[in-house]
Amino acid sequence: MVGTSTAAVTLWPYYNQGYQHGLTLPPLTQNTPSHPPSASAPKLHEPEDFDGTRAKFSKFMTKLALVFSSDPTRCAMDAAKISYAALYLSGSAADWFEPHVNKATGAIRFTTYEAFV
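Along every chain, residues carry numbers that run from 1 in the direction the sequence is written. At least 70 in pLDDT is required for a residue's local features to be given in this predicted model, at least 80 for side-chain atom pairs to be given and counted, and no such filter applies to totals for whole chains, interfaces and linings, which use all residues. To get the side-chain values, all heavy atoms of the structure are used, and hydrogens and water are removed first.

For the protein, the helix and strand inventory stands at five helices and zero strands. Under the DSSP-based scheme used, a helix requires at least four consecutive residues in state H or I and a strand at least two consecutive residues in state E, with every element numbered from the N terminus. Reading the protein from its N end, one meets helices and strands in the order α-α-α-α-α. Here the term buried applies to any residue with accessible area under 20% of the maximum for its type, exposed to any over 50%, and partly exposed to those in between, with areas from a 1.4 Å probe on protein chains only. Taken across its 117 residues, the protein has 17% of its residues classed as buried. On the protein, roughly 9300 Å² of surface is accessible, and the fraction owed to carbon and sulfur atoms is 61%. Note on areas: these come from Shrake-Rupley sampling with a 1.4 Å probe, and a residue is covered only by the protein chains present in the view.

Let us look at the packing of aromatic side chains. The geometry of an aromatic ring pair comes down to the distance between the two centres and the angle between the two planes. In summary, the pairing rule links any two rings of Phe, Tyr or Trp, Trp by its six-membered ring, whose centres are within 6.5 Å, and it sorts them by plane angle into stacked for under 30 degrees, edge-to-face for over 60 and tilted for everything else. Using the criterion set out here, one finds 12 aromatic pairs in the structure. Summarising the aromatic geometry, the rings of Y84 and Y88 are spaced 5.2 Å apart at their centres and angled 55° between planes, so their arrangement reads as tilted. By the burial criterion, Y84 is buried, and Y88 matches it. Through a chain of ring-to-ring contacts, the aromatic side chains of F68, Y84, Y88, W96, F97, F110, Y113 and F116 assemble into a single cluster. Between the NZ or CZ atom of K81 and the centre of the ring of Y113, over which it lies, the distance is 5.7 Å. As a reminder, the over-ring test applies to NZ of lysine and CZ of arginine, requiring each to be within 6 Å of the ring centre and within 35 degrees of the ring normal.

Turning our eyes to something else, we now look at helix α2 (residues 54-70). Over its 17 residues, α2 runs 25 Å from end to end, which matches the ideal 24 Å to within 8%, given 1.5 Å per residue. Residues of α2 that are buried include every one of F60, M61, L64, V67 and F68, and no others. An end-on view of α2 places all buried positions within 125° of arc, on one side of the element. Facing away from the buried side of α2 by over 90 degrees, the exposed positions are A55, S58, K59, L66 and S69. The span you would expect from a helix comes to 1.5 Å times its residue count less one. In this context, the arc is that of the directions from the helix axis out to the C-beta atoms.

Quick look at the nonpolar core now. Judged by nonpolar contacts, the single largest core of 18 residues is most densely connected at L64, L89 and F116. Those elements that provide at least two residues to this core are α2, α3 (78-86), α4 (91-97) and α5 (113-116). In terms of residue count, the dominant contributor to this core is α2 (five residues). Setting aside anything within four residues of it in sequence, one finds L64 in contact with P47, Y84, A85 and Y113. The nonpolar core is taken to be a set of buried Ala, Val, Leu, Ile, Met, Phe, Trp, Tyr and Cys residues, with the residues joined through side-chain atoms within 4.5 Å. Contacts are residue-level and defined by heavy atoms, with any inter-residue pair within 4.5 Å sufficient.

A few words on the environment of D78. Note on placement: D78 falls in helix α3. The exposure class of D78 is partly exposed, given its relative accessible area of 24%. As a C-alpha pair, D78 and E114 span 36 residues in sequence and 8.5 Å in three-dimensional space. Excluding residues within four positions of it along the chain, D78 makes contact with T111, T112, Y113 and E114.

The next subject is the environment of T111. You can see T111 is positioned in the loop between α4 and α5. Take T111: its relative accessible area is 70%, and that puts it in the exposed class. Note: C-alpha distance between T111 and D78 (33 residues apart in sequence) is 7.5 Å.

Here you go:
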């Protein structure tokens, strides 16, 4: 074993012993994922901008809930949900949200999605 490392020379007898006894490692390509592959999320219409009108609030929240539940990976964390929802705020709703964003870092003062709602 010219040109091999000390570690390889040391490990070779153990590998060879396992090989002789029929012990083999499964190929890396046969590893199973920790969770089953998910089907791609359905294409949804983005929610309409919410301008702060009380009559439109329930529909806006319903559409957000549908977006989040149809593709859980899209907004798995509360900060992502808040940021996504904030993208669709306009008018007085955007005016209300603006002071809750640190302009220097982009950090949002709400710690949970429920607190934002």
